[in-house]
Amino acid sequence: MKNHAIVVATVLILVFSFGGARAFAQGNADAVDAHMAAARDAAGFDFTGTLARLCVAPPRVPDTVRDVAPGPAPARDTWFIEPAKVFDNLYFVGSKIHNSWALTSNEGIILIDTLYTYNSEEEIVGGLKKLGLDPAKVKYVIISHAHADHVGGAKLMQDRYSSRIVMGGPDWDSIEKSVNGYPRGKPKRDIVADDGQKITLGDTSVTLIATPGHTPGTFSMIFTVKDRGKPLTVAYSGGTAFNFPSTAANFDTYIKSQSKMAAAAASANATILMSNHSEFDAATTKIRMLASRKPGEPHPFEIGKEAVARYFVVTGECAQAERIRLAQPPK
Ligand SMILES: [Zn+2]
């Protein structure tokens, strides 16, 4: 056994000293291909948007603080979409691109994510009213992470309806530190989310799972919805893209969070995967499909436990591929 180890070590030394760099690069390329293939197989036809965004040319982000002012609001027809009832107790009040969800209970509403500042008034406040829900009954607003496309309506809900705002500590910090990001004012620090914490309102609760990576304070969630009375568990992925500073340590954090959320989803028997971008969970497409759902047909969001597990294989494998690519010198 010992001799065998010495032989292996000697061969490795020889390989690395004679044209070793090339062999190493080839090994890396093979490993990247293997992770990409695993991600592609796991994505199937369920998560093509997630696969495209994470495995096909993800961005390289310099390790500097980005604290840019929001640009002008884009034209309304690029984002506006009608709200919709999606489950007995879950309503979509998002835009064409970003999701915001209203989870109802017997004591009010838990709102999950709040779009941009420019469209939260019309999509969320306006959407709730169109659906016959009272925005003043939003008792909690859970923010998956403090990027402008999810935290934009938090201040409005806090100021106008005294909703309690729940967010990860590091993301509260990033809001407080920001100089340029909130020209119309910041939400004030409120509830600091804790890993495993339950936000409970009457007969409904949302379990918060710390999944740092996309931002340091990203939280994912587990909650129950009802489809024509049948309870179903949702795994809500709180942060997806690789637009964090491209360091190996950040990718390690991200990869660990994907496994952690996969385990949480599996132990909760989640059969639904939701996200804060339609790109990742096909929310707007599924909501359109819902309109023509026939009696007895499964809910378009109910994809099954096995498919939910595959989602986190896609995010984890693409992250592993990108982590290896980081180590390669530019061509
Ligand atoms: Zn984000």
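Our structure is the block above this text.
Anyway, here's the lowdown on the structure attached to this text. Just so it is clear, the structure is predicted and the values come from calculations on it, not from any experiment.

## A look at the nonpolar core
- In terms of nonpolar packing, the biggest core is built from 31 residues, with Phe 87, Trp 101, Leu 208, Phe 223, Val 225, Met 274 and Phe 301 touching the most fellow members.
- The element contributing the most residues to this core is strand 10 (residues 219–227), with four residues.
- Residues contacting Val 225, with those up to four places away along its chain left out, are Phe 87, Asn 89, Leu 90, Leu 103, Lys 230, Pro 231, Leu 232, Val 234 and Ile 272.
- In terms of nonpolar packing, the next biggest core, distinct from the first, is built from 27 residues, Ala 39, Cys 55, Phe 251 and Phe 280 among them.

## What to know about the pairing of strand 3 (residues 101–105)
- Where burial is concerned, most of strand 3 is hidden: five out of the five residues are buried.
- Covered by surrounding structure in strand 3 are Trp 101, Leu 103 and Ser 105 together with Ala 102 and Thr 104, the residues of both alternating faces.
- Judged from the three bridges that link them, strand 2 (residues 90–92) and strand 3 form a sheet pairing that is antiparallel. If you follow Leu 90 over to strand 3, its bridge partner there is Leu 103.
- Inspection of the sheet shows strand 3 paired to strand 4 (residues 108–112) by five bridges, in the antiparallel sense. Across the sheet, Trp 101 pairs through a bridge with Ile 112, a residue of strand 4.
- Where strand 3 folds back on strand 4, the antiparallel hairpin that results is connected by two residues.

## Description of the coordination of the zinc ion
- Note on the zinc ion: its protein donors are His 145 (NE2), His 147 (ND1) and His 214 (NE2). The metal-donor distances range over 2.1 Å.
- Here the donor residues for the zinc ion map to a single chain with the spacing H-x1-H-x66-H.
- Using a relative accessible area of 23% as the deciding quantity, one classes His 147 as partly exposed.

## Things to note about the pairing of strand 10
- Counted residue by residue, strand 10 has seven buried out of nine residues, so it is predominantly covered.
- With five bridges connecting them, strand 9 (residues 204–210) and strand 10 associate as antiparallel partners. For Leu 208, the partnering residue across the bridge sits in strand 10 and is Met 221.
- Bridge count between strand 10 and strand 11 (residues 230–237): seven bridges; the pairing is antiparallel. Bridged to Thr 224 within strand 11 is Thr 233.

## Observations regarding the side chain of Asp 227
- For Asp 227, the location among the structural elements is in strand 10.
- Of note is the side chain of Asp 227, whose polar atom sits 2.9 Å from the side chain of Arg 293.
- Ignoring anything within four residues of it in the chain, the contact list for Asp 227 reads Phe 87, Asp 88, Leu 232, Arg 293 and His 299.

## Looking at the state of the cysteines
- Under the definition given, this model contains one disulfide.
- A sulfur-sulfur distance of 2.1 Å marks the disulfide that ties Cys 55 to Cys 318. Since a negative S-S torsion denotes a left-handed disulfide, the Cys 55-Cys 318 link at about -110° is left-handed. Taken as a pair, Cys 55 in helix 3 (residues 48–55) and Cys 318 in helix 12 (residues 305–327) lie far apart in primary sequence, 263 residues in all.
- Judged by its relative accessible area of 4%, Cys 55 falls in the buried class.
- Of the residues examined, Cys 318 reaches a relative accessible area of 1% and is grouped as buried.

## A short note on the sheet that holds strand 6 (residues 164–168)
- Spatially, 1-2-3-4-5-6-7 is the arrangement adopted by the seven strands of the open sheet, whose pairing is mixed. In this open sheet, the two strands that pair with only one neighbour each are strand 1 (84–87) and strand 7 (191–193). This sheet shows a mean twist of 25° between the axes of neighbouring strands, independent of strand direction.
- Across the sheet, helix 8 (residues 169–177) lies against strand 6 and strand 7, angled at about 105° from strand 6, the strand it touches most.
- Strand contacts of helix 11 (residues 283–291): strand 1, strand 2 and strand 3, with the helix running at about 90° to strand 1, the strand carrying the most contacts.

## What about the sheet that holds strand 10?
- Judged by pairing direction, the sheet is mixed, and its five strands sit side by side in the order 8-9-10-11-12 without closing on themselves. Of all strands in the sheet, those with a lone pairing partner are strand 8 (198–201) and strand 12 (272–275), marking the two edges. Ignoring strand direction, the axes of neighbouring strands in this sheet form an average angle of 25°.
- On the sheet, helix 9 (residues 248–267) packs against strand 9, strand 10 and strand 11 and is oriented at approximately 25° with respect to strand 10.
- Together, strand 11 and strand 12 form the strand contacts of helix 12, whose direction differs from that of strand 12 by roughly 40°.

Criteria and cut-off values
- Residues numbered from 1 in each chain as written.
- Predicted model: local features only at pLDDT ≥ 70, side-chain atom pairs only at ≥ 80, totals over all residues.
- Heavy atoms only, no water.
- Core = buried A, V, L, I, M, F, W, Y, C linked by side-chain atoms within 4.5 Å.
- Buried < 20%, exposed > 50% of the residue type's maximum accessible area, 1.4 Å probe, protein only.
- Helix = DSSP H or I, 4+ residues; strand = E, 2+ residues; numbered from the N terminus.
- Contact = heavy atoms within 4.5 Å.
- Pairing = 2+ DSSP bridges.
- Donors = N, O, S within 2.8 Å, 3.2 Å for Na, K, Ca; no water.
- Polar contact = N/O pair within 3.5 Å; in protein donor to acceptor, adjacent residues only side chain to side chain.
- Disulfide = S-S within 2.5 Å.
- Axes fitted to C-alpha atoms, helices over the stretch in contact; angles between N-to-C directions.

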